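Below are the chains, spelled out letter by letter.
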Protein chains: 8
Amino acid sequence: MKTEIKTVLEAVKNGKMSVDNALLAIKKEPFEDIGYAKIDLHRGIRQGMPEVIYGAGKTAEQISGIAEKMKQRGQNTILITRLSPEAAAQVGAMHEMDYHAEASVGIIGPMPLADGIGKIVVATGGTSDIPVAEEAALTAEVHGNEVVRLYDVGVAGLHRLFAHLDEIMSASVIIAIAGMEGALASVIGGLADCPVIAVPTSVGYGAAFGGLSALLSMLNSCASGVSVVNIDNGFGAGYLASMINHMETK
Amino acid sequence: MKTEIKTVLEAVKNGKMSVDNALLAIKKEPFEDIGYAKIDLHRGIRQGMPEVIYGAGKTAEQISGIAEKMKQRGQNTILITRLSPEAAAQVGAMHEMDYHAEASVGIIGPMPLADGIGKIVVATGGTSDIPVAEEAALTAEVHGNEVVRLYDVGVAGLHRLFAHLDEIMSASVIIAIAGMEGALASVIGGLADCPVIAVPTSVGYGAAFGGLSALLSMLNSCASGVSVVNIDNGFGAGYLASMINHMETK
Amino acid sequence: MKTEIKTVLEAVKNGKMSVDNALLAIKKEPFEDIGYAKIDLHRGIRQGMPEVIYGAGKTAEQISGIAEKMKQRGQNTILITRLSPEAAAQVGAMHEMDYHAEASVGIIGPMPLADGIGKIVVATGGTSDIPVAEEAALTAEVHGNEVVRLYDVGVAGLHRLFAHLDEIMSASVIIAIAGMEGALASVIGGLADCPVIAVPTSVGYGAAFGGLSALLSMLNSCASGVSVVNIDNGFGAGYLASMINHMETK
Amino acid sequence: MKTEIKTVLEAVKNGKMSVDNALLAIKKEPFEDIGYAKIDLHRGIRQGMPEVIYGAGKTAEQISGIAEKMKQRGQNTILITRLSPEAAAQVGAMHEMDYHAEASVGIIGPMPLADGIGKIVVATGGTSDIPVAEEAALTAEVHGNEVVRLYDVGVAGLHRLFAHLDEIMSASVIIAIAGMEGALASVIGGLADCPVIAVPTSVGYGAAFGGLSALLSMLNSCASGVSVVNIDNGFGAGYLASMINHMETK
Amino acid sequence: MKTEIKTVLEAVKNGKMSVDNALLAIKKEPFEDIGYAKIDLHRGIRQGMPEVIYGAGKTAEQISGIAEKMKQRGQNTILITRLSPEAAAQVGAMHEMDYHAEASVGIIGPMPLADGIGKIVVATGGTSDIPVAEEAALTAEVHGNEVVRLYDVGVAGLHRLFAHLDEIMSASVIIAIAGMEGALASVIGGLADCPVIAVPTSVGYGAAFGGLSALLSMLNSCASGVSVVNIDNGFGAGYLASMINHMETK
Amino acid sequence: MKTEIKTVLEAVKNGKMSVDNALLAIKKEPFEDIGYAKIDLHRGIRQGMPEVIYGAGKTAEQISGIAEKMKQRGQNTILITRLSPEAAAQVGAMHEMDYHAEASVGIIGPMPLADGIGKIVVATGGTSDIPVAEEAALTAEVHGNEVVRLYDVGVAGLHRLFAHLDEIMSASVIIAIAGMEGALASVIGGLADCPVIAVPTSVGYGAAFGGLSALLSMLNSCASGVSVVNIDNGFGAGYLASMINHMETK
Amino acid sequence: MKTEIKTVLEAVKNGKMSVDNALLAIKKEPFEDIGYAKIDLHRGIRQGMPEVIYGAGKTAEQISGIAEKMKQRGQNTILITRLSPEAAAQVGAMHEMDYHAEASVGIIGPMPLADGIGKIVVATGGTSDIPVAEEAALTAEVHGNEVVRLYDVGVAGLHRLFAHLDEIMSASVIIAIAGMEGALASVIGGLADCPVIAVPTSVGYGAAFGGLSALLSMLNSCASGVSVVNIDNGFGAGYLASMINHMETK
Amino acid sequence: MKTEIKTVLEAVKNGKMSVDNALLAIKKEPFEDIGYAKIDLHRGIRQGMPEVIYGAGKTAEQISGIAEKMKQRGQNTILITRLSPEAAAQVGAMHEMDYHAEASVGIIGPMPLADGIGKIVVATGGTSDIPVAEEAALTAEVHGNEVVRLYDVGVAGLHRLFAHLDEIMSASVIIAIAGMEGALASVIGGLADCPVIAVPTSVGYGAAFGGLSALLSMLNSCASGVSVVNIDNGFGAGYLASMINHMETK
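Residues numbered from 1 in each chain as written. Chains lettered and ligands numbered in written order. Predicted model: local features only at pLDDT ≥ 70, side-chain atom pairs only at ≥ 80, totals over all residues. Heavy atoms only, no water.

A.B. asks: It is not clear to me how the overall build of chain A should be interpreted in this structure. Could you clarify?
C.D. replies: Summing up its helical and strand segments, chain A has 11 helices and 9 strands in all. Counting every position in chain A, which comprises 250 residues, the buried fraction comes to 57%. Here chain A displays about 9300 Å² of accessible surface, and carbon together with sulfur accounts for 52% of that area. (Helix = DSSP H or I, 4+ residues; strand = E, 2+ residues; numbered from the N terminus. Buried < 20%, exposed > 50% of the residue type's maximum accessible area, 1.4 Å probe, protein only. Areas by Shrake-Rupley, 256 points an atom, 1.4 Å probe, with all protein chains shown as cover.)

Here's what the structure looks like:
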């Protein structure tokens, strides 16, 4: 923003722009400028940052078109979430894309190198939570993180979780994903010494109420360092984990 | 019931009672009889079974009066729950009573010997859950059970829970009491090989919603052998635990 | 666990294993060991204990594969819950299996003899609750219990319930299953002198809110000895009932 | 309404009123007329019908003033609900009034004779429901009904309810009042052959959620002939019961 | 019940039955007797009372079978609710049946004559509420009531409601059916001088929350004489209305 | 109403109508008259006011029939909301109609000229909110308003919103449409100096709970001048905005 | 904003300010400028616009201090909402203030003349809604509106509402305030031809759930032109009504 | 853990400990060891880490006692949250303590130097959110962070927020605290390029439902990088922010 306004000011100073025109220029663009400034800054600092397309509610044509434009702007890697197998088949016919069916995620372009502080652990309570977990894990990987997957380590069988105590104790960030009673976040939060991002899932039935039970449970976690994102929001957790895992490189 | 109706039938047979009077006698009392029969049966088998007064909403005078009648009927031990310190002072002036302030429980008469199958473990997530836990523990003790108290062993500090793995693995019944995220029930349910009675408590704030979070969490427990009673219902858990712990002597 | 660690310790003592290798061995497996220890202990005591496969969300191939491995490990009886007719047809082609369509339950291998303390009564409020009830009943039977089925004995027609007063009064454990207003649990809890496991069902419409009404009703039961499991959780109730019905043989 | 408009029309016909004035007269009052018509009709048919003052949120002075006006209009009997002991003392100093403290109800003037079809049974699940029950019972009595009180006949002790089967089977209308699980309405609805008005109460704790549990339970009653009024609305139940109990005399 | 037990008692008196056999006979049947007694009494008083089959969740074969048995027992008129067009086609092939598609109601046998106190008004807020209304209206008609249908008279167009003020003022019972904001019940309750049965419907979207909004609105009605049944429960309302409309003939 | 009753009154005055017939005439129609009066008044003032058909739950035949009648009554423009593509095809075959597929809106007849005070801004948080927005925008246009569409200006990218600050600052009324967290209404309410009508949408997943999150958020808006309509109620917002935007011409 | 930035630009042009200083000046204040610009614009157009202090959670000293500063800035009229009697006494000692106890509203300075398009009607369902209504009415008056109060015209006694049909039909904006079932908004929305702002109140008990019932009811209103503000938000309704009532003078 | 078990193993190897005693030693302590290991690790890395006492529900004596023990163990700085003024007075009499009344926080011992990656911004929507914000800010400061406070920058006055754009754009972590509609988190999340921890507060009334509205709003944030903690949980947010702000020094 500074640069653009400075250009205007200097044009005024040099008599190349009238005061009224300058006023109009400043009045019209400031917020857009701020916005672009932010995006540029963002991209300038960490090259290779992927762009993201939220695939739900978009046609394969729309997704392909957006991806095409991103590539034309020089984007290397594009992450497409909530991409149905049908749409994936169509998008895949037009772009070279890796489709991860379980996560409903498509990735166009190369995976960046992992350059974070440490490893991100993605843990799930059960096998039914894996789709959300893979969305989180792939999101983290595509943003340049090494990911350790610990699936099906729910609290009803603590020995499975404890067999991986080393990974948990040495993680940089942990994403704890669970439906039903959502106790995994508290247990991991009590063991680990790093930020824990809890993702409730809509897995379960009856009093699980579509993820509400796990959500409330996670919000009430008595362990420190735990915060929560929306039900089934694997992308949000993966993105935030990457942000935290790149703190030192800012 | 059988005995009473049999007496009537024999009186009819012997001509000592008219058919109409017999009819009236049978019609009037059957349900009351069934009720008493049940109580008698119950009491006959396990002598020393206490009677219970739910103190909430009763005046000290009412409680004293009920206790007096129970004693006159030959009751040895009387358990009074939800008894405020003020009411306890008044009742205590009229009956020899042990008052357990933290549990708001008063006990008149001697504690019975523990004659259950094994030990009942009463575990809590935090220190704020102790009033509910003590209501449960005292209820179990007054019904003839040995109780092991494991307080403040919540899942955010698993080492405290695991330091008592022996007690948990060898328990006959476990009462798991927790507010907030209520994860304790699932963790214990996953470790133990006995029935676990989960008691959500109203401890917590914000999204704890007065115990709702813990309640839903416990109902969704992925561990087998876990069932749930009402929020803060220490008495109900203690009573049921005693019932289960006396299964073999039935 | 004891045995395995003891073996390691003795190997160290005898110089057959270095301290570092011993450390690694103990560090790697302890929790898994504990887990297996628990399972072994469990299995050691009561031979014939079935393993359980939760069929929901698994393909017929996955279920068949898991069952195959279980059989190879020497498992006699395998219970598969939430098994759709389509999956059942496929699994049934590869394993000798009894499929109970109403309960969506498949059983591979022989039913064990009933060796519990007494009988487990499974009662339902209506005919629509029968699928949940059959899941509970078959789970109990496959774990070695004699089951008495009392279906459609809801409180709007108490005479049907009371016609079976003998079964209720002499039960070892009762599973009370009802949707809509869920009053059955309270009524049975008031009549019976044994643990009552209440299962709310999602039967009903409107203000039944998918089982919420029955769930709250059961949690608030004014009868002692009643506890609650998740909505439609027939398996959980059957498993817990079996646990309680085998208390004396522990 | 008819009479008043007819008067206007005749005045127009006779030239005693201009068309414009008539138009104004008709336009201004019609709804008020309808309202009064209704009240008059109502009162005309069943003499002795009391007026009701909802005491909550009114000062003793306001209540006294309203009562004074009602008496001046010739009202014999006045029912005041939700009247606190403090307000009752003040109102009682100015009017001859029977104050029923448990129900928070004051009655000025004589009780009418009972002239309904039959008896109204007011039943409660527990003793804590009695304040609501007394509001219902007194409301029914003051509207000319004979009331049978069956208190503390909750479903956890069916024998107490069944000891009064005669009253239930012969009632004209039954008001079933219960908190906690609210099962009483369904049980009575299943036994009785008359309209059952269910009143959930806010009695209970935890998952009773201030009467929500009982409310949902009653709405889901599987018994025919049951309808529900608001939580703790004893007056509404008593008024409706009286309406039904006077059906034949309309 | 009386008769049966009296027979037993006389057999005992006459020595035709042993005391033990008598005991067994009394103990086994009493509740069933009570149940049948009730049904008989019920049927004895008002001949022509239909039986009801709740069609939801039953196959066409099951429905046909039940209807067949009812007819063999001498039942003239049978009401089948929640009967899908497909099932209706099959049942209709085996029984002479009038199928009311909008209400999903089938009626086998003749309609009884209307013999109630007065007319039952069935009013709806909108046209989408008509299926519930027709279920209520047909239920009332099949139980011997004259029904006046006032459809689409919701409060957003009061003139349509007020055009039928005569019917409302002269009704014996009114069933007020509405979704969305459910205000119809209060408005009618304020106008009419008879019992009003409110039926919330699941009509609406968004904050209608499947009928919850209308349900709460109706429970909070400030008009006297209003009670509420479950969401979409047209049958319940029709049945209760008939019960009230036959009060004087009891 | 005035006119019709005046006619009656004058007929009475002139002796052309008896008092009784006049009474009947006034009694029978008044409310309908009021209704029509209102509609007429309404239509009289602003010619070209469209009529509206709510298409949901109506068949194409019904819609066509209603439209036909409206046209016969001289209606120029007819707005049909919630019109499915299938129904649109059928209606379109019988009437000349513009079908706006994204909004599920059909418009028969010409668009009126915009004659409001100023412009109505329709803003959405995301692209998924556009169907609701188009229903609002078309409703406003068909009622004679100039509409400015600002789509996808959600608060997570404020620069997009701020690029249109001029439109927002100069709007006459703003409709702010958003799902998920619904923050758009508050942000616009803080910027603008005109009435803001907030429309929560059911866009989102998990804790969006079908629009509940956005609804609560909008109701709690800390900005003045914001009010809320039902979830997804684009029509209601467009209609109210038009009403406000025509305030000065009343 | 324009003026301030123009001054800076001209200073740059004239060489009186360096480009860097200009950049700093523009960068530092823009948003504050925008904010003030908005307020100034606002105030410039309609002199006498009051400022508002939300009294809840502020001490009497804080309120007095804020009011003092406002007066020093030349503010004539200051509206203080949610002002407790205790705080009012203290504030009143330091400022000449009219305190409206029922509304908990204090007004410092003169009431402005009413200069709106028409009259604002404030209607309530009951007398308990009056505090909220007075907050709305006083807010409207202090913003320059003529207010007509129609209190206690709830739908259970429509004749009271209809006695004021003239006021309703001729209103410019109507604020409909009701607790319990909240039907008033729909009824008024159906009668009136102007924007209706619905305010749910927390009046009621039981299933009123603190205003939730009225809130949902109002959101589901089937009448067009109705929008809703937060529970008990009289100020918000009064402010928005004034905004709408001043549309033509903008 | 490694060290301790290694010691045991070496003692076994050296014959200084029997295999059985070693088994007992390993079995008894492992989990406690893990716990202590974790704490030590934690403390070893970042000296000056404070200990925390949750003051709610503890007496002043208990708090003083715990603090005394902590000091004896060599703890420099102790943070006490939820400390009432009364308890603070008593604790302050025994320990040198800074009491921050608005935050209900007491701090014993010196503040550590700020050694985090960057600055933590604590922003609130309104002034009523400040107590929660101060709890967060002091928690962060006491854990070694520089904190920038931006209070009362809610979205209804964006200019106040934007006047601090520099702080927001350059923050390391942002804590966004808001009640009512909770939009602040989304707006900040859209502007900032760092992790945002959202804290809903219980500020507000009516449909704020004790923080539920803000909670849902924040969970649904459409901005990336936002996660949520429990309602009013300032401590949790401050602790997590510190954890993230110390990522690089781990």
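A.B. asks: Just to check I follow, could you spell out the sheet that holds strand β3 (residues 97-100) of chain E for this structure?
C.D. replies: Adjacent strands of a sheet form backbone hydrogen bonds with each other and so pair up, either parallel or antiparallel. Residues and elements named next belong to chain E. Spatial ordering of the open sheet is given by β1-β2-β4-β3, a layout of 4 strands whose pairing is mixed. The sheet terminates laterally at β1 (51-54) and β3, the two strands that pair on one side only. Each adjacent strand pair in this sheet contributes to an overall mean axis angle of 15 degrees, direction not counted. Direction of pairing for β3 relative to strand β4 (residues 105-108): antiparallel, over a ladder of 4 bridges. Bridge pairing links H100 to V105 in β4. (Pairing = 2+ DSSP bridges. Axes fitted to C-alpha atoms, helices over the stretch in contact; angles between N-to-C directions.)

A.B. asks: Quick question: what am I supposed to make of the relation of the copies chain B and chain C here?
C.D. replies: Applying a rotation about an axis and a shift along it to one chain copy brings it onto the other copy. Placing chain B over chain C gives an RMSD of 0.2 Å and needs a rotation angle of 180 degrees, together with 0.0 Å of translation along the axis. Such a turn and shift between the copies fits a two-fold axis. A share of 97% of interface residues in chain B that are also interface residues in chain C marks the association as one of identical surfaces. (Least-squares fit on C-alpha atoms with pLDDT ≥ 70 in both. Contact = heavy atoms within 4.5 Å.)

A.B. asks: Explain a negative patch on the surface to me, please; I cannot follow it from the model alone.
C.D. replies: A cluster of like negative charges, contributed by A:D115, A:E248, H:D115 and H:E248, occupies part of the molecular surface. The partly exposed category is assigned to H:D115, whose relative accessible area is 40%. (Patch = residues over 30% accessible without salt bridge, like charges linked within 9 Å, V, L, I, M, F, W, Y side chains within 5 Å. Salt bridge = Lys/Arg side-chain N within 4 Å of Asp/Glu carboxyl O. Lys, Arg positive; Asp, Glu negative; His and termini not counted. Charge placed at Lys NZ, Arg CZ, Asp CG, Glu CD.)

A.B. asks: Help me understand the interface of chain B and chain C, please; the structure alone is not making it clear to me.
C.D. replies: One frequently used descriptor of interface size is the decrease in accessible area upon assembly of the parts. Taken together, the contacts link 35 residues of chain B with 35 residues of chain C. For the pair chain B and chain C, the summed buried area comes to about 3000 Å², and 66% of that belongs to carbon and sulfur atoms. Summed over the shared surface of chain B and chain C, the result is 0 salt bridges. The interface formed by chain B and chain C contains 4 residue pairs in polar contact (both at pLDDT 80 or more). Contributing elements (two or more residues each) for the side of chain B that touches chain C: α3 (30-45), α8 (165-169), α9 (184-191), α10 (212-219), β9 (226-228) and α11 (234-245) of chain B. Considering every element that reaches the side of chain B that touches chain C, the biggest residue donor is α11(B), with 5 residues. A per-class count over the side of chain B that touches chain C returns 22 nonpolar, 9 polar and 4 charged. (Buried area = accessible area lost by both parts, 1.4 Å probe. Polar contact = N/O pair within 3.5 Å; in protein donor to acceptor, adjacent residues only side chain to side chain. Nonpolar A, V, L, I, M, F, W, Y, C, P; charged D, E, K, R; others polar.)

A.B. asks: What am I meant to see in the sheet that holds strand β2 (residues 78-81) of chain D here?
C.D. replies: Residue and element names in this part refer to chain D. Strand order in the open sheet formed by 4 strands is β1-β2-β4-β3, with mixed pairing between adjacent strands. Lying at the two open borders of the sheet, with one neighbouring strand each, are β1 (51-54) and β3 (97-100). If you compare each strand with its neighbour and ignore which way they point, the axes differ by 15 degrees on average. Against the sheet, helix α6 (residues 130-142) engages β2, β3 and β4 (105-108), with an angle of about 15 degrees to β4.

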